[in-house]
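Inside the fold
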Amino acid sequence: MKIAMVGSGYVGLVSGACFADFGHDVVCIDKDASKIERLHAGIMPIYEPGLAELVDSNVRAGRLSFSTDLASSIKDAQAIFIAVGTPSRRGDGHADLSYVYAVAQEIAENLSNPAVIVTKSTVPVGTGDEVERIIRDGAPGLQFAVVSNPEFLREGAAIGDFKRPDRIVVGAEGEWERGVMTEVYRPLFLNKAPLLFTGRRSSELIKYAANAFLATKITFINEMADLCEKVGADVQDVARGIGLDNRIGSKFLHAGPGYGGSCFPKDTLALLKTAEDYASPVRIVEAVVRVNDSRKRAMGRKVIEAIAEAGGGEPRGKKIALLGLTFKPNTDDMRDAPSIAIVQALLDVGAELVAYDPEGMEAAAPLMPEVTMVKSAYEAVTGADAVVLVTEWDAFRGIDLERVGQLVNSRVLVDLRNVYDPAEVRAAGWHYSSVGRK
Ligand code: UDX
């Protein structure tokens, strides 16, 4: 099957490469000529484990190509995916749909063969109707259908998520487009991944509801963690104790510094806006957004308290080492990373910051020019008055704490991801604080 993927960012590129790997003939399109040029040279625009290899093998097999020319690339495609960005609109938090509509317009101007247009970008309810209207008005008489097919890819695990999904959601109104989408996903379908057909509006809402629910789960356990600290309970035991109930489930119950990334913050906000527009309040999600926002900065206070409790006094002039900056491991993505608010809170009290992140420093540097970026975790901790584990990269899980202890100025460790064993670390002479544990 011939597939055109419009937008070669995170979602478009991963989806395009995976479709090609299924045996489809895929062209990934992007307006950014330098991105396409780099892709031709095998250089990925993002860090995602396994992506470069997947792209390379499918390009070699002749199933995957890249282009800046939408008109010629969509000519005989049976399915045209729209996978462009829908960032938060500046000022009001609504999803910015200008890129999606511009692609719809361009498709209308250039498509002459029957095709299914698939919206993969995360778009508010009703966007599919508007895309359909744009194409119908721009290309009267054309045989086409617009379907919604949200993605549920986690950064850092995107290829696995694509190839072994919990479900594939397709919002399609007619038989023809359902048939085309079944063909697109046949390899997964044969692998028994549930293909859930719904109406288009339901599918659009499923994406937001899923992300808002997961954000709620995280925020819930984060507040439980705060309570655990007050009452002397252990949030990891609490999470396990509730997670073993199948109705609750054990995933997304890791307490931490708050959720960040390219999806949860933007999508929860956009859902609030949709709810507002329809005068149907989603108060739980409103609370989640507020609680998560204030939590990130509160983590800075946690560090300040740890220094004081360890007898270090005021944070002014103290050297604090940050291990990890990205919003989660295995990505170079800094969007809405908790580290940004933590850095600001610590700079505000006059601390001196040094940081190391395995992949994120290039993206982080312009966001936090006052922070000194160094080449290794051991370099970061040298002479530090406190070490803060912000992102749980594997490299930090296995760090040699004895060596770190020799290098620091004082043994204060704030573990915002609960990766270390409190008893072990304390036995090694550290003043240790974590999230939701005594
Ligand atoms: C998320 C969704 O999981 C994915 O389905 C959707 O398509 C895009 O958004 P992603 O943003 O890549 O994916 O990361 P995810 O692994 O979901 O983590 C999001 C944030 O929540 C991170 O900041 C992470 O640290 C945090 N998190 C996650 C927790 O604090 N605790 C958890 O238990 C899980």
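Below, the structure is looked at part by part. Bear in mind that the values here come from a model prediction, so they are computed numbers and not experimental data. (Residues numbered from 1 in each chain as written. Predicted model: local features only at pLDDT ≥ 70, side-chain atom pairs only at ≥ 80, totals over all residues. Heavy atoms only, no water.)

1. Some thoughts on the pattern of salt bridges
Heads up, the rule is: Any Lys or Arg side-chain nitrogen found within 4 Å of a carboxyl oxygen on Asp or Glu counts as a salt bridge. The numbering of helices and of strands both runs from the N terminus, where a helix is a DSSP run of H or I of at least 4 residues and a strand a run of E of at least 2.
Following the criterion strictly, the structure yields 27 salt bridges and no others. When the shortest N-O distance is used, the salt bridge between Asp137 and Arg133 registers 2.8 Å. Of this pair, Asp137 and Arg133 both sit in helix α6 (residues 127-138), four residues apart, roughly one helical turn. The residue Arg397 makes a salt bridge to Asp394 at a minimum N-O spacing of 3.4 Å.

2. Observations regarding the site of the ligand
Heads up, the condition is: Residues are labelled near a given molecule or strand when at least one of their non-hydrogen atoms is within 4 Å of it. We call two N or O atoms a polar contact when they sit within 3.5 Å, provided that within protein one can donate a hydrogen and the other can accept it, with sequence-adjacent residues counted only if both atoms are side-chain atoms. To measure how exposed things are, a 1.4 Å probe is used in the Shrake-Rupley method; for residues, cover is taken only from the protein chains shown.
Contacts to the ligand come from 18 residues, most closely from Glu155, His254, Gly260, Lys328 and Arg417. A distance of 3.3 Å is found between an oxygen atom of the ligand and a backbone nitrogen or oxygen belonging to Leu153. Protein chains bury 93% of the 660 Å² of accessible surface belonging to the ligand in isolation. Counting residues per element, the shell around the ligand draws most heavily on helix α10 (residues 200-231), which supplies three residues.

3. Some words on the side chain of Asp161
Threshold: In what follows, residue pairs with any heavy atoms lying within 4.5 Å of each other are defined as contacts.
Counting through the fold element by element, Asp161 comes out in helix α7 (residues 158-163). A distance of 2.6 Å separates the side chain of Asp161 from the side chain of Arg154, its partner in a polar contact. Sequence-distant contacts of Asp161, defined by excluding residues within four places in its chain, comprise Phe152, Leu153 and Arg154.

4. Section: the environment of Ser376
As a reminder of what qualifies: Accessible area is worked out with a 1.4 Å probe on protein chains only. A residue is then buried under 20% of its type maximum, exposed over 50%, and partly exposed in between.
Mapped onto the elements, Ser376 comes out in the loop between β11 (372-373) and α16 (377-381). In this structure Ser376 comes out as partly exposed when scored by relative accessible area, which is 24%. Along the backbone, Ser376 and Arg335 are 41 residues apart, and their C-alpha atoms lie at a distance of 22 Å. There is a polar contact of 3.0 Å between the side chain of Ser376 and the backbone nitrogen of Glu379.

5. Regarding the packing of α10 against helix α11 (residues 235-243)
Quick note on the threshold: Here, axes are lines fitted to C-alpha atoms. For helices the fit covers the stretch in contact, and angles between N-to-C directions go from 0 to 180 degrees. Orientation is classified from the angle alone, with under 35 degrees giving roughly parallel, over 145 giving roughly antiparallel, 65 to 115 giving roughly perpendicular, and any other angle giving oblique. Crossing handedness is defined as follows: a turn of the near helix away from the far one that is anticlockwise and smaller than a right angle gives a left-handed crossing, while the clockwise case is right-handed. Polarity classes work like this: nonpolar for Ala, Val, Leu, Ile, Met, Phe, Trp, Tyr, Cys and Pro, charged for Asp, Glu, Lys and Arg, and polar for all others, with Gly in that last group.
At a minimum axis distance of 9 Å, the contact between α10 and α11 shows a crossing angle of 135°. Classified by the angle between their axes, α10 and α11 sit oblique to one another. The chirality of how α10 crosses α11 is right-handed. Between α10 and α11, the contacting residues are Phe220, Ile221, Met224, Ala225 and Cys228 on the first element and Val235, Val238, Ala239 and Ile242 on the second. Of the residues in the contact of α10 with α11, the class split is nine nonpolar, no polar and no charged.

6. Overview of the sheet that holds strand β14 (residues 431-433)
Test applied: By the convention used here, strands pair only if DSSP detects at least 2 bridges between them.
On the basis of which strands lie adjacent, the open sheet formed by six strands has the order β11-β10-β9-β12-β13-β14 and parallel pairing. Two strands close off the open sheet at either side, each with one partner strand: β11 and β14. Alignment of strand β12 (residues 386-389) against strand β13 (residues 412-415), held across three bridges, turns out to be parallel. What sits directly across from Val387, in β13, is Leu413. The strands that helix α13 (residues 283-309) touches are β9 (319-323), β12, β13 and β14; relative to β13, the one it contacts most, it runs at about 150°.

Coordinates in, geometry out; function isn't part of it.
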